Amino acid sequence: MANGDITKAIEYDKIEVVNVWNIQVRQATKIMEEQSDGSKKELTRSFHRHALAPFISVKDSDDKWTHTATDISGEDSSVQAIANAAWTDAVKTAYKAAQEA
Amino acid sequence: MPYVGNMNTTFTTLTSSDANITDDLTVTDDASVGGDLTLTGDLSANGAPFTISNTSNNNNIDIKTTSSGSLVHAVKIHSGGTLEAKQGLLVGGDVTANLLDDYEEGTHNPTDSSGASLTFSTFTGAYTKIGNVVCFQAKVIYPSTSNSSEARISLPFVVGAPHANYYPSGKNDANGNTSASLTLGVTGQSYAIFKNDSGGSTATNANLSGANINIALTYKTT
């Protein structure tokens, strides 16, 4: 790396647990320029968002509910850690109950 | 009480008791005040505005307060002129209901939230969040599908109360089999659902097979 080099970095700078079971994820894309002292100065930062719930809950034509666990294997490890901590068995049970209410 | 008159020199610290400055004061080096600093009188007595300047290139002006025993940034004026107030702005009053505490622009590409794992051929979107209001514009093109699950697409933020069956805006533009409009789902969910325009029942993915959905919706989040 040299002075003036441009680099791109992605970080998950805001992961929020909302309403007990929803997890709102903000992915920040940072464009940085290397300075003469080796530090990197952030030039721009843009955001991309998505949200996660513990299940995808669907009611069929017989009014039977199916709760399919959300696959978080493709999420960043920081997101997985928060999801796993937030989605306790009690929270999962409450989520299902709320959907079926 | 020491009296400090017209000063136009370099000094570092006033450490004794009160200092009374009655004329122009120019500080050309670091200065610290060991006690309270109070500015009184007419700051524009000579017709000039009261100006706070930072002539050090690319440096900010920080205004700090003490919260829970720690000095924190209250307001920062960036060198380029933007004002940073991370805790928000109280507008029109000083209670929580007057607090504008968030603004954010970003992207959210809607995905299928029906559980059918559909892949939209086009799915792009952008949002602006102002306080607890989300403005979201997106485009979604459904694949050819016979799936009978309730049609749902993801939203960038959780839906706040009041909730279900509100029709913000967003309509199948008739490329699909059924004319359907987008409604908010349930409070606490981060998806919207489609309802058939004929009768208001929820539309299935099959109803929207091949549909070209243009979305422009505004909704309240938490």
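See above for the structure.
Residues numbered from 1 in each chain as written. Chains lettered and ligands numbered in written order. Predicted model: local features only at pLDDT ≥ 70, side-chain atom pairs only at ≥ 80, totals over all residues. Heavy atoms only, no water.

Remarks on the overall build of chain A
Line of reasoning, step 1. Tallying secondary structure elements over chain A gives two helices and five strands in all.
Line of reasoning, step 2. Written out in order from the N terminus, the α and β elements of chain A read β-β-β-β-β-α-α.
Line of reasoning, step 3. Against the compact-globule benchmark of 13 Å for 101 residues, chain A has a radius of gyration of 19 Å, which places it well outside the compact range.
Line of reasoning, step 4. In terms of overall dimensions, chain A has a C-alpha envelope of 65 × 25 × 20 Å along the principal axes.
Line of reasoning, step 5. Pairs at least 24 apart in sequence give 46% of the contacts found in chain A among residues at least 6 apart. (Helix = DSSP H or I, 4+ residues; strand = E, 2+ residues; numbered from the N terminus. Rg over C-alpha atoms; globule rule 2.2 N^0.38 Å. Contact = heavy atoms within 4.5 Å.)

Re unusual backbone geometry
In terms of backbone geometry, most residues other than glycine have negative phi values and most peptide bonds are trans.
Line of reasoning, step 1. A positive phi is found at Asn19(A), a non-glycine position, where the angle reads about 55°.
Line of reasoning, step 2. Tracing the backbone shows Asn19(A) in the loop between strand E1 (6–18) and strand E2 (22–34).
Line of reasoning, step 3. Despite not being glycine, Ser68(B) has its phi angle at roughly 55°, a positive value.
Line of reasoning, step 4. Checked against the element boundaries, Ser68(B) lands in the loop between strand E7 (61–67) and strand E8 (70–77).
Line of reasoning, step 5. For Ser68(B), a relative accessible area of 80% puts it in the exposed group. (Buried < 20%, exposed > 50% of the residue type's maximum accessible area, 1.4 Å probe, protein only.)

Digging into the nonpolar core
Line of reasoning, step 1. If you look at the biggest cluster of nonpolar residues, it comprises 25 residues, and the most contacted ones within it are Tyr142(B), Ile153(B), Phe194(B), Ile213(B) and Ile215(B).
Line of reasoning, step 2. Breaking this core down by element, the ones donating at least two residues are strand E14 (133–141), strand E18 (191–196) and strand E19 (212–220) of chain B.
Line of reasoning, step 3. Grouped together as the second largest cluster of nonpolar side chains are 13 residues, Val25(A), Val79(A), Ala83(A) and Val91(A) included. (Core = buried A, V, L, I, M, F, W, Y, C linked by side-chain atoms within 4.5 Å.)

Details of the packing of aromatic side chains
Line of reasoning, step 1. Counting across every chain of the model gives five aromatic pairs over all chains.
Line of reasoning, step 2. Geometrically, the ring pair formed by Phe55(A) and Tyr95(A) is tilted, given 6.1 Å between the ring centres and 35° between the ring planes. With Phe55(A) in strand E4 (residues 55–59) and Tyr95(A) in helix H2 (residues 89–100), the pair connects residues that are 40 residues apart, well separated along the chain.
Line of reasoning, step 3. Grouping aromatic residues by their ring pairs yields a cluster made of Trp21(A), Phe55(A) and Tyr95(A).
Line of reasoning, step 4. Here the guanidinium or amino end of Arg26(A) rests over the ring plane of Phe47(A), the centre of that ring lying 3.8 Å away.
Line of reasoning, step 5. Seen from the ring of Phe157(B), Lys129(B) lies directly overhead, with NZ or CZ sitting 5.6 Å from the centre. (Phe/Tyr/Trp six-rings, centres within 6.5 Å; stacked < 30°, edge-to-face > 60°. Lys NZ or Arg CZ within 6 Å of the ring centre and 35° of its normal.)

Focus: the side chain of Arg152(B)
Line of reasoning, step 1. Structurally, Arg152(B) can be placed in strand E15 (residues 152–154).
Line of reasoning, step 2. A polar side-chain atom of Arg152(B) sits 2.7 Å from the main-chain carbonyl oxygen of Ser57(A).
Line of reasoning, step 3. If we ignore the near neighbours within four places in the chain, the residues touching Arg152(B) are Ile56(A), Ser57(A), Val58(A), Thr111(B), Asp112(B), Ser113(B), Ser114(B), Tyr142(B), Tyr191(B), Ala192(B), Ile193(B) and Asn205(B). (Polar contact = N/O pair within 3.5 Å; in protein donor to acceptor, adjacent residues only side chain to side chain.)

Here's the deal with a nonpolar patch on the surface
Line of reasoning, step 1. Among the surface-exposed residues, Leu89(B), Val91(B), Leu100(B), Tyr103(B) and Ile130(B) lie close enough to one another that they form a single nonpolar patch of about 460 Å² accessible area.
Line of reasoning, step 2. Assignment of secondary structure puts Ile130(B) in strand E13 (residues 122–130). (Patch = residues over 30% accessible without salt bridge, like charges linked within 9 Å, V, L, I, M, F, W, Y side chains within 5 Å. Areas by Shrake-Rupley, 256 points an atom, 1.4 Å probe, with all protein chains shown as cover. Salt bridge = Lys/Arg side-chain N within 4 Å of Asp/Glu carboxyl O.)

Considering the pairing of E13(B)
Residues and elements named next belong to chain B.
Line of reasoning, step 1. Examined bridge by bridge, strand E12 (residues 103–107) and E13 share five bridges and lie antiparallel to one another. By the bridge assignment, Gly106 is partnered in E13 with Tyr127.
Line of reasoning, step 2. Strand direction decides the pairing type here: E13 and E14, joined by nine bridges, are antiparallel. Within E14, the residue paired with Thr128 across the bridge is Cys135.
Line of reasoning, step 3. Hairpin remark: E13 followed by E14, antiparallel, with two residues in the connecting loop; positive phi at Gly131, about 60°. (Pairing = 2+ DSSP bridges.)

A few points about the pattern of salt bridges
Residues and elements named next belong to chain A.
Line of reasoning, step 1. This structure, assessed with the given rule, holds twelve salt bridges over all chains.
Line of reasoning, step 2. Glu11 is paired through a salt bridge with Arg45; the nearest N and O atoms lie 3.7 Å apart. Of this pair, Glu11 sits in strand E1 while Arg45 sits in strand E3 (residues 40–52); the two residues are 34 residues apart in sequence, bridging distant segments of the chain.
Line of reasoning, step 3. Residue classification places Arg45 among the partly exposed residues on the basis of a relative accessible area of 32%.
Line of reasoning, step 4. A salt bridge links Asp13 to Arg26, with the shortest nitrogen-to-oxygen separation between them at 3.0 Å. Of this pair, Asp13 sits in strand E1 while Arg26 sits in strand E2, and the two are 13 residues apart along the sequence.

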